[in-house]
Structure formats: structure tokens, C-alpha cells
Amino acid sequence: MASTVLPETSGWAKKEMPAVQTEQLSSLTEEQKKPLRLIGTVFNTFILVEYEEHLLMIDQHAVHERLLFDRFSKEIDQNQAGQQLLIPIIMQVSRREQQLLEANKDMLSKVGLNIEPFGENEVSVRSIPMILGQPQTEAFVREMIDQLQSERGTVTMEKRRASILQLACKKAVKGGDRLTEDEIRDLVTRMIDEKVTPTCPHGRPLVISLSHSEIDKRFRRIQ
């Protein structure tokens, strides 16, 4: 893969980084904007980027997961999370599961799932979250039922967040997935342009940095 110069950081580098990386990434918090140079990937998992005197290693799954999580959260807040199905999906459920889904109808609607009773032991799925592919719909509804059964009581914001995180994680590219150069460039550019939180929804860092001097020390080029 040829080295590629990406757009300027547009302020992303000035976002607060996790404490463990603060010292290593101090140069990224400076006011000046410098271009990033895309080097390539390693293990089909980590994207390598040169920025000033740093080598940045970016977790492709963590970055994509954060981007999906933020996008879906915004769609929910704007009541735009659902995608109507041309033909509703009919699912078999137990009477108890049907009642559970009906009791949580409002919460499910907020994450883009519109489900209605259909006979005694079936439900009709009329809309799904926009980032969820139709072939995965039934499996996702089953997981939502399991989640609702394990978390009794009042629907909380944490439940909503958990369902968003679950969606984002399932749809994100995985470590080991081979991405094209355009896909890699798109991920890094969106990470910068959208000024994402520097951790994935699970709290893992998106980026780890090694300074030029630290690499020199590892090779004993300097003391």
C-alpha cells in the first residue's frame, strides 16, 4: 500500500485523551494542524499512521464501533433510528415473550424496533434499526428479549445505551478483516472529522502512540 497523506486534523487531535496516554500524545494537543500520513495496516487489525514525531496505531474495530455508536445514538435522539420494512417479519415467540415485548414497546421503538402482537404466539416486526441488516433482524430481536428478561424493572437509559452498544459492536468491522485502502482512509478521516471520543463504547482506546524518540530507545539508537 502506498503512503497516503490524509486531511489535516481539524481539531480532532485536541480532544482529551485517556490519562494513560496523556504524556505520549502531548504533541497532538498543540494548536497547529499537521497532516497525517497513512502507512498501512498490520495483522489486518491495526492501522499505522505517521503524525509529526509519532507512530499512531489505530484499532480498526474500536474506531468503527465508536463511529457507529455515535451515529446511532444521534439517530435515536432525533427519533430517526427506525427503518420501515416493506414486508413485516413474522416471528414465533412464546406468550410470555410476546407480553414482554409489548410491555417494553416504547423503549424498543426508541431504538428503531417496532414490534406488534400477531396472533397468540407470533409478533410482527415492522421496523428495524437503520444500521441493522434485515437478515440479522430475528437474531437481534431474540437478543433483545434475552436482555429484557435478564433486566427486570423500569427501563433505564443504561438499557438503551446497552442496546446501542450491542448494535455498534456487531456491525463494526472486526480485527482480522481485510480492508481496502479506501476503507482504511475513510475510517481515519471520519475519526478526525467527527472528533470522536478517543475510546470505544467499551472504554478501550482507539489509538496508541509511540514517539520517534521512544522507538529510537527501543532500538538503542539513543539512551
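Structural data are supplied above this passage.
First, a word on scope: everything that follows refers to the structure included in this document. The model shown is predicted, which means the values in this text are computed figures rather than measured ones. Sequence order as written defines residue numbering, which begins from 1 separately in each chain. With the structure being a predicted model, the display of local features is reserved for residues of pLDDT at least 70 and the display and counting of side-chain atom pairs for 80 or more, all residues being used for whole-chain, interface and lining totals. The basis for every side-chain value is the complete set of heavy atoms in the structure, and neither hydrogens nor water enter the calculation.

As a general feature of sheets, a regular strand has side chains that alternate between the two faces. At least two bridges found by DSSP between two strands are what make those strands a pair. Each helix is a run of H or I in the DSSP string that is no shorter than four residues. Each strand is a run of E no shorter than two, and both are numbered from the N terminus. With five bridges connecting them, strand 2 (residues 35-42) and strand 3 (residues 46-51) associate as antiparallel partners. Counted as the bridge partner of L38 is V49 from strand 3. The hairpin turn running from strand 2 into strand 3, its antiparallel successor, is three residues long, and F43 in that turn takes a positive phi close to 60 degrees. Across six bridges, strand 3 lies against strand 4 (residues 54-59) in antiparallel orientation. Bridged to F46 within strand 4 is D59. Where strand 3 folds back on strand 4, the antiparallel hairpin that results is connected by two residues, among which E52 adopts a positive phi of roughly 50 degrees.

Take the packing of helix 2 (residues 95-103) against helix 4 (residues 137-150) next. As a rule, the C-alpha atoms of each element are fitted with a line to give its axis, helices using only the stretch in contact, and angles between N-to-C directions run from 0 to 180 degrees. Taken N-terminus to C-terminus, the directions of helix 2 and helix 4 make an angle of 80 degrees; their axes are 10 Å apart at the nearest point. Taken together, helix 2 and helix 4 sit at an angle that is classed as roughly perpendicular. Residue-level inspection shows E97, L100 and L101 of helix 2 in contact with helix 4, the latter providing R142, I145, L148 and Q149. Residues are sorted three ways: Asp, Glu, Lys and Arg are charged, Ala, Val, Leu, Ile, Met, Phe, Trp, Tyr, Cys and Pro are nonpolar, and all the rest, Gly among them, are polar. In the contact of helix 2 with helix 4, the residues fall into four nonpolar, one polar and two charged. Here the word oblique covers every angle except those under 35 degrees (roughly parallel), over 145 (roughly antiparallel) and from 65 to 115 (roughly perpendicular). Only heavy atoms enter the contact rule, under which two residues are in contact if any of them lie within 4.5 Å.

One way to put it is that helix 1 (residues 60-77) packs onto helix 6 (residues 181-193) with a least axis distance of 10 Å and a crossing angle of 50 degrees. Between helix 1 and helix 6, the angle falls in the class oblique. Regarding helix 1 and helix 6, the two cross each other, and that crossing is left-handed. Touching Q60, V63, H64 and L67 of helix 1 are L187, R190 and M191, all from helix 6. Looking at the contact of helix 1 with helix 6, its residues break down into four nonpolar, two polar and one charged. A clockwise turn of the near helix away from the far one marks a right-handed crossing, whereas an anticlockwise turn of less than a right angle marks a left-handed crossing.

Now for the environment of I115. Within the secondary structure, I115 is located in strand 6 (residues 114-117). Separated by 11 residues in sequence, I115 and R126 have C-alpha atoms that sit 6.0 Å apart. I115 has contacts with L101, K105, L108, V123, S124, V125 and V141, leaving out every residue within four places of it along the chain.

Take a side-chain nitrogen of Lys or Arg and a carboxyl oxygen of Asp or Glu: if they are within 4 Å of each other, that pair is a salt bridge. Using the criterion set out here, one finds 12 salt bridges in the structure. With a closest N to O distance of 3.5 Å, R142 and E97 form a salt bridge. With a gap of 45 residues between them, R142 in helix 4 and E97 in helix 2 connect regions that are remote in the sequence. For the salt bridge of E214 with R218, the shortest nitrogen-to-oxygen distance reads 3.3 Å. Taken together, the residues span about one helical turn, with E214 and R218 both in helix 7 (residues 212-218) at a distance of four residues. If you follow the salt bridges from partner to partner, you end up with E181, D182 and R185 in one network.

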